[in-house]
Amino acid sequence: MVDQKVVVIPDGKICDYIDGKFRKDTPEEYVRQTIEKRLVNEHKYIPFQVKIEYTLQIGSRKPRADIVIWDKDVDNQTQGNIKIIIECKKETVDARNAKDGIGQLQSYMSVCPNCEWGMWTNSIQKFVFRKTVDESGNIGFMEYNDIPSADGNLDVVNRPSRKSLKNASDDNLLFVFKTCHNHIYVNDGMQKQPAFFELLKVIFCKIEDERNIPNPLEFYTTSDERSNPDGQLTVKKRISKIFKRVKKRHGKIFDANDEIKLTPRSLAYIVSELQRYSLLNTNIDIKGKAYEEIVGANLRGDRGEFFTPRNVMKMTVEMINPKLNERVVDTSCGTGGFVVTAMTHVIDQIEKNFVAELGVPKKDWDADTIRAYQDKISEVAGTYFFGFDINPDLVKATKMNMVMNNDGSGNILQTNSLLPPHEWSDEFRTRLAEALGVQKSSIRNHKSIEFFDVIVTNPPFGSKIPIKDKSILEQFDLAHIWENDKKNGTWTMTERLQSSVPPEILFIERCTQFLVPGGRLGIVLPDSILGSPGLGYIREWLIQNHRIVASVDLHQDTFQPRNGTQTSVLFLQKKTQAQKDAEEKSGQMADYNIFMAMVEKIGHDKRGNPLFKRDKEGNEILVPDKNNVLVLGETGEGTKTVAHEQKVKVEDDQTPDVPAIFAEWKAQEGLAW
């Protein structure tokens, strides 16, 4: 058991992942710490093999190398024995920079006789070199895919096997996505958005190849292939073959004549960056953060699209608790974060069922069980999970997000879901009816769309994008003018329509129309809806049509740095007709308790920078990382195991605490879901 020591971090410092020393918190340091985590968690280097800021002797100069690595059986860790040197720079330093670029790395490698490998990175560019020395003593550098892992196996660097695929750790997948996107943008002369979609085609090929069990992996490039035009063409041929299978499997995402438009050189580079990872098995939060960050940077529109932070999505989904065989939709799905989070919640249930049935933990499943498990996930994802969005680029991005997180891309559909259902496009209605197993002709109007058990959504909000179309407004009670009887505080709907209504108000009612009676809704809304006196009619309508289950007030910086709107997550359960009739008969609303919580700490500040827990004096603290204790081996016969204890900062975020408190409250209230 690791002793729960707490270490205080001085202001403006960070604790080094490998040697535990305090260093200045700078952009270069962020890059170095991310690489250090990769060295330990992915490459399996033991911390005592690695030194940070190691002083080299070059003539009379004594520069410091960012990271140096020795073989683990080296007794004497000297400059002469260094095996690998790594230089980490901030994003703004270019690789061709005379002082700090790859030339600096190569000069360091040259003065270390046994240094065979070097890596230079600034988080959006990465270069790996293997040093060669000919008979005359001339030094050369060959570009390579990656540095070798601790076991020194170079076959894996050139052609990974299924067993050698690594799960990405921390921000490394984000590094890889940014590096690849930047490479296309800079080298292929594409604008950001087309570059993004070309990268996603390659990601699809990677996932398709991982799914192709038990055949050997085809998604790879050797270092030799990558470094010459002939080899690059071979790689393009190999990946194009996989892309044919992708188009067949995902005909709704790609046209039959779609091609990968990257130059062979760029494609080989991107394959070399992605090939070592298992995109299917990497932790969903790491994948989601990387994916949504790069999607947000390239596809954010001007329709009030402010993507929901992952911690808020997770909290909302855990509280709404979608179950196996419940239909789930996000009616304005953006990049698909809510749908993926809900799907992951259900996949956890599927995994538990498999483990209970087989009596075998997941890590010990054979290939047939893994395939059966993946098939079950695909079936559930394809049957029960849906997402709609008006932006065709976001629909495509969401489909890709779903595929990267275990499939289900078929039910992500492009539509303006506020339109009257008879005005939805024929293709949308056909595909929706097919997926729901209903007659297309039955999708007639706003009264005939009660299809979903659970909705989790963050609708676009803003007075800049009001809805004025009469044919849309006519479908909604909340688009009418309501009159307030100030004596008894009640509101009554009139026959007259408002001239314009913000979209989030209509989305509340559209979500209710989409829900089956008794269905559940978790929706992010601006606080004005819940508090503004002039919008009391909305609250009246909500109470008439739902049980208000919970309201979670979010911190004002939740959507910063892009949006300062104060928001809450509202949890509603749609009343059945019988419940409404009973209330009407008695002339009284049912009496019940409402769960209320305030999230006062959201894990980041108004600039989007992470915030960490502090002690009473205001200093950041470090605690042991329970998920990451490295076992270094036995100290000798009969003696205890030596462990290297990694320490981590703790995000100052209260959202993970809310679902457990809510679950307790729900049990007391007798709510079964």
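Residues numbered from 1 in each chain as written. Predicted model: local features only at pLDDT ≥ 70, side-chain atom pairs only at ≥ 80, totals over all residues. Heavy atoms only, no water.

*Asks:* Could you give an account of the overall build of the protein chain, naming the residues involved and the relevant values?
*Replies:* Looking only at helices and strands, one finds 20 helices and 21 strands in the protein chain. The C-alpha radius of gyration computed for the protein chain amounts to 28 Å, which stays within 12% of the reference 26 Å derived for 673 residues, consistent with globular compactness. On the principal axes, the C-alpha backbone points of the protein chain span a range of 95 × 60 × 50 Å. Out of the 673 residues in the protein chain, the part that is buried amounts to 53%. Of all intrachain contacts in the protein chain linking residues separated by at least 6 positions in sequence, the fraction that spans at least 24 positions is 69%. Summed over all atoms, the accessible surface of the protein chain reaches about 30,800 Å², with 49% contributed by carbon and sulfur. Distance between charge centroids for the protein chain: 2 Å, based on 91 positive and 96 negative side chains. (Helix = DSSP H or I, 4+ residues; strand = E, 2+ residues; numbered from the N terminus. Rg over C-alpha atoms; globule rule 2.2 N^0.38 Å. Buried < 20%, exposed > 50% of the residue type's maximum accessible area, 1.4 Å probe, protein only. Contact = heavy atoms within 4.5 Å. Areas by Shrake-Rupley, 256 points an atom, 1.4 Å probe, with all protein chains shown as cover. Lys, Arg positive; Asp, Glu negative; His and termini not counted. Charge placed at Lys NZ, Arg CZ, Asp CG, Glu CD.)

*Asks:* Tell me about the sheet that holds strand 8 (residues 126-133), and name the residues and values.
*Replies:* The 6 strands lie next to each other as 4-5-6-7-8-9, forming an open sheet whose pairing is mixed. Only two strands of the sheet have a single neighbouring strand rather than two, namely strand 4 (50-55) and strand 9 (139-144). Taken over all neighbouring pairs, the strand axes of this sheet differ in orientation by 30° on average, direction set aside. (Pairing = 2+ DSSP bridges. Axes fitted to C-alpha atoms, helices over the stretch in contact; angles between N-to-C directions.)

*Asks:* Describe empty space enclosed by the protein, naming the residues involved and giving the relevant values.
*Replies:* Considering all chains together, one arrives at 1 cavity of 30 Å³ or more under this definition. Lining of the largest cavity is provided by Ile35, Arg38, Thr121, Lys126, Asn172, Phe175, Val176, Thr179, Glu273, Arg276 and Tyr277. Elements represented by at least two residues in the lining of the largest cavity include exactly helix 1 (27-41) and helix 4 (172-187). Residue contributions to the lining of the largest cavity peak at 4 residues, all from helix 4. Each residue belonging to the lining of the largest cavity can be placed in one class, and the counts come to 4 nonpolar, 3 polar and 4 charged. (1 Å grid on protein atoms, 1.4 Å probe; cavity = no way out; pocket = protein on both sides within 12 Å on 5 of 7 lines; lining within 4 Å. Points joined across faces, edges and corners; volume = space filled by probe spheres on them. Nonpolar A, V, L, I, M, F, W, Y, C, P; charged D, E, K, R; others polar.)

*Asks:* Account for the packing of aromatic side chains, naming residues and giving values.
*Replies:* Taken as a whole and assessed by the stated rule, the structure comprises 27 aromatic pairs. For the pair Trp424 and Phe428, a centre-to-centre distance of 5.2 Å together with 85° between the ring planes defines the contact as edge-to-face. Neither residue differs from the other here; Trp424 and Phe428 are each classed as buried. An aromatic cluster of three or more residues is present, and its members are Phe386, Phe388, Trp424, Phe428, Phe451, Phe452 and Phe514. The ring of Tyr220 is capped by Arg238, whose NZ or CZ atom sits 3.8 Å from the centre of that ring. (Phe/Tyr/Trp six-rings, centres within 6.5 Å; stacked < 30°, edge-to-face > 60°. Lys NZ or Arg CZ within 6 Å of the ring centre and 35° of its normal.)

*Asks:* An account of the pairing of strand 16 (residues 515-526) is requested, with residue identities and associated values reported.
*Replies:* Of all 12 residues in strand 16, 10 are buried; the element is thus mostly enclosed. Here strand 13 (residues 452-457) pairs with strand 16 via 5 bridges, running parallel. Along strand 16, the bridge assignment pairs Val456 with Gly522.

*Asks:* Any details on the sheet that holds strand 16? Residues and values, ideally.
*Replies:* In spatial order, the strands read 12-11-10-13-16-18-17-19; together these 8 strands make up an open sheet with mixed pairing. Looking at the sheet topology across the chains shown, the edges are occupied by strand 12 (412-414) and strand 19 (595-598). The average undirected angle you get between the axes of adjacent strands in this sheet is 15°. Here helix 11 (residues 337-358) sits on the sheet and contacts strand 10 (328-330), strand 11 (385-389), strand 13 and strand 16; the angle it forms with strand 11, its principal contact strand, is near 175°.

*Asks:* Explain helix 4 residue by residue, including any values.
*Replies:* Taking 1.5 Å per residue, 16 residues should reach 22 Å; helix 4 reaches 22 Å between its end C-alpha atoms and fits that length. All buried positions along helix 4 are accounted for by Asn172, Leu173, Leu174, Phe175, Val176, Phe177, Thr179, Cys180, His181, Asn182, His183 and Ile184. Two residues or fewer past helix 4, Gly189 is found with a positive phi of approximately 65°. (Expected span 1.5 Å × (residues − 1).)

*Asks:* Explain helix 2 (residues 102-110) to me, and be specific about the residues and the numbers.
*Replies:* The periodicity of an α-helix, 3.6 residues per turn, causes residues three or four positions apart to be oriented the same way. Turning to helix 2, its buried residues are Gln104, Leu105, Gln106, Tyr108 and Met109. The inward-facing, buried residues of helix 2 contact strand 5 (64-69), strand 6 (84-88), strand 7 (117-121), strand 8 and strand 9.

*Asks:* Break down the pairing of strand 18 (residues 567-574) for me, citing the residues and quoting the values.
*Replies:* Where burial is concerned, most of strand 18 is hidden: 8 out of the 8 residues are buried. The pairing of strand 17 (residues 546-553) with strand 18 spans 7 bridges and is classified as antiparallel. The residue bridging Ile548 from the neighbouring strand is Leu572, located in strand 18.

*Asks:* Requested: an account of the side chain of Gln374, with residues and values cited.
*Replies:* Its location among the elements puts Gln374 in helix 12 (residues 367-384). Once you skip the residues sitting within four places of it in the chain, Gln374 turns out to touch Arg211, Ile213 and Leu280.

*Asks:* Go over the confidence of the model for the protein chain with me, naming the residues and quoting the values.
*Replies:* Summing up the model confidence of the protein chain, the mean pLDDT is 88 and the portion of residues at 70 or higher is 93%. The low-confidence segment residues 301-305, where pLDDT is below 50, has 12 contacts with residues more than four positions distant or belonging to other chains. Contacts from residues 633-642, a stretch scored under 50 in pLDDT, to residues over four places away or in other chains number 11 contacts. (pLDDT = per-residue confidence, 0-100.)

*Asks:* Could you give an account of the packing of helix 5 (residues 192-211) against helix 7 (residues 229-249), naming the residues involved and the relevant values?
*Replies:* Here helix 5 crosses helix 7 at 85°, and the two axes come no closer than 9 Å. One element, helix 5, and the other, helix 7, form an angle in the roughly perpendicular class. Of the residues in helix 7, those touching helix 5 at Lys201, Phe204, Cys205, Glu208, Asp209 and Arg211 are Ile239, Ile242, Phe243, Arg245, Val246 and Arg249. Classifying every residue of the contact of helix 5 with helix 7 gives 6 nonpolar, no polar and 6 charged. (Parallel < 35°, antiparallel > 145°, perpendicular 65-115°, else oblique.)

*Asks:* Give me the lowdown on the environment of Leu200, citing residues and values where you can.
*Replies:* Relative to the assigned elements, Leu200 resides in helix 5. A residue is classified by how much of its surface remains accessible, and Leu200, at 2% relative accessible area, is buried. Residues Leu200 and Ile443, 243 residues apart in the sequence, show an inter-C-alpha distance of 34 Å. Not counting residues up to four positions away in its chain, the partners in contact with Leu200 are Tyr291 and Met400.

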